[in-house]
Amino acid sequence: MATINRNPSSIDQKNVRLIDARGPRFSATITTIILATTLVTHSKVLIGIQLVVFAIGAFAGPQKTPYAFLFKKFVKPRLSGDVPTEDVRPPQFAQKVGLLFAAVALVGTLLGHPIFFVVATGFALAAAFLNSAFNFCLGCEMYLLIARATHRFRK
Amino acid sequence: MGTWTPLLLILIATSGYGFWYQRSRGRVVTASPKAQSEPLRLISSLEIGSELGSRVTLVQFSSAFCSPCRATRALLTDIVADLPDVVHVDIDAESHLELVRKLDIRSTPTTIILDARGLEVGRAVGAPRRDQVIATLANVK
């Protein structure tokens, strides 16, 4: 019959920005490589660089990061076919989560707590790898659970 | 220098989860019939904020940070366009947390398939596959 919209955050609304869906997945692959190297070498510089990239993705948008620039400059021109688009908000949410983990990892290692560094880097790596290899949607899996938990807490 | 152990453990664990994720997401799972003694848990038109379809209602739960929700909405909109006795309702999960808990919805998109009475006959977590949705719809009396 028909579709009834009870969804105020509906992505079909006009004010939602769409980006090339392949960009975030390419960026997730680079992020995976950087974080894997970080985890093995315990490099403060690498986690610092990744933190800056996450911060750009979290605040300016995932289409504004250096990885997205690499995608536009070198990868996108070689891709053919229709451009699959996606709402910018889900990958931006994932960048915010990544920023949080990278911040914990960096602070942990600077204060001499390598366990924080390993665990936080590990979570960020897991999310980036799942996104890159399996098209995992972090916002889909996490956001509702957080909403359910915080709502219960507030009551 | 660090070690390779954490990296290897993470790659193994996430690969296992990743394969399960890819296999399970989008699959339409039909609900097993309840024992006679158990009361039927019916979803009312009041709870979803829309009339139920005369045969089937597809209740889609969406959220803002969900890429496949958009594709799911487009797919289900397209499927129900030709079916006069089926209604598709797109619901913002965050503003319907009571219903989300009642139906134990954990991620978006989740699509619940209700029969004419409002009884859940199946659900799909993730963007469902067109052929499976059509096959499930055909089986609902």
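The structure presented is a predicted model; accordingly, all values stated were derived computationally and were not measured. (Residues numbered from 1 in each chain as written. Chains lettered and ligands numbered in written order. Predicted model: local features only at pLDDT ≥ 70, side-chain atom pairs only at ≥ 80, totals over all residues. Heavy atoms only, no water.)

1. Let's talk about the overall build of chain B
Thought 1: A tally of regular secondary structure across chain B gives 5 helices and 5 strands.
Thought 2: The linear arrangement of helices and strands in chain B, starting from the amino end, is α-β-α-β-α-β-α-β-β-α.
Thought 3: Looking at chain B residue by residue over its 141 residues, the buried ones come to 48%.
Thought 4: Put simply, 74% of the contacts in chain B that link residues at least 6 apart link residues at least 24 apart.
Thought 5: About 7100 Å² of surface is accessible on chain B, with carbon and sulfur atoms providing 60% of the total.
Thought 6: Across chain B, 16 positive and 14 negative side-chain charges occur, with their mean positions spaced 7 Å apart. (Helix = DSSP H or I, 4+ residues; strand = E, 2+ residues; numbered from the N terminus. Buried < 20%, exposed > 50% of the residue type's maximum accessible area, 1.4 Å probe, protein only. Contact = heavy atoms within 4.5 Å. Areas by Shrake-Rupley, 256 points an atom, 1.4 Å probe, with all protein chains shown as cover. Lys, Arg positive; Asp, Glu negative; His and termini not counted. Charge placed at Lys NZ, Arg CZ, Asp CG, Glu CD.)

2. Looking at empty space enclosed by the protein
All names here are of chain B.
Thought 1: Scanning all chains against the criterion turns up 1 cavity of 30 Å³ or more.
Thought 2: Forming the boundary of the largest cavity are V28, L58, T111, I113, R123, A124, P128 and V133.
Thought 3: When contributions to the lining of the largest cavity are tallied by element, the ones reaching two or more residues are β4 (110-115) and β5 (120-125).
Thought 4: For the lining of the largest cavity, a count of residues per class yields 6 nonpolar, 1 polar and 1 charged. (1 Å grid on protein atoms, 1.4 Å probe; cavity = no way out; pocket = protein on both sides within 12 Å on 5 of 7 lines; lining within 4 Å. Points joined across faces, edges and corners; volume = space filled by probe spheres on them. Nonpolar A, V, L, I, M, F, W, Y, C, P; charged D, E, K, R; others polar.)

3. Examining the state of the cysteines
Thought 1: With the rule as written, the count across this model stands at 2 disulfides over all chains.
Thought 2: What pairs with C137 of chain A in a disulfide is C140 of chain A, and their sulfur atoms sit 2.1 Å apart. Between C137 of chain A and C140 of chain A, the disulfide has an S-S torsion of 75 degrees and is therefore right-handed. Exposure class is identical for C137 of chain A and C140 of chain A. Each is buried.
Thought 3: The side chain of C66 of chain B participates in a disulfide bridge whose partner is C69 of chain B; the two sulfur atoms lie 2.0 Å from each other. Sign of the S-S torsion, about 90 degrees for the bond between C66 of chain B and C69 of chain B, identifies this disulfide as right-handed.
Thought 4: You can call C66 of chain B buried: its relative accessible area is 0%. (Disulfide = S-S within 2.5 Å.)

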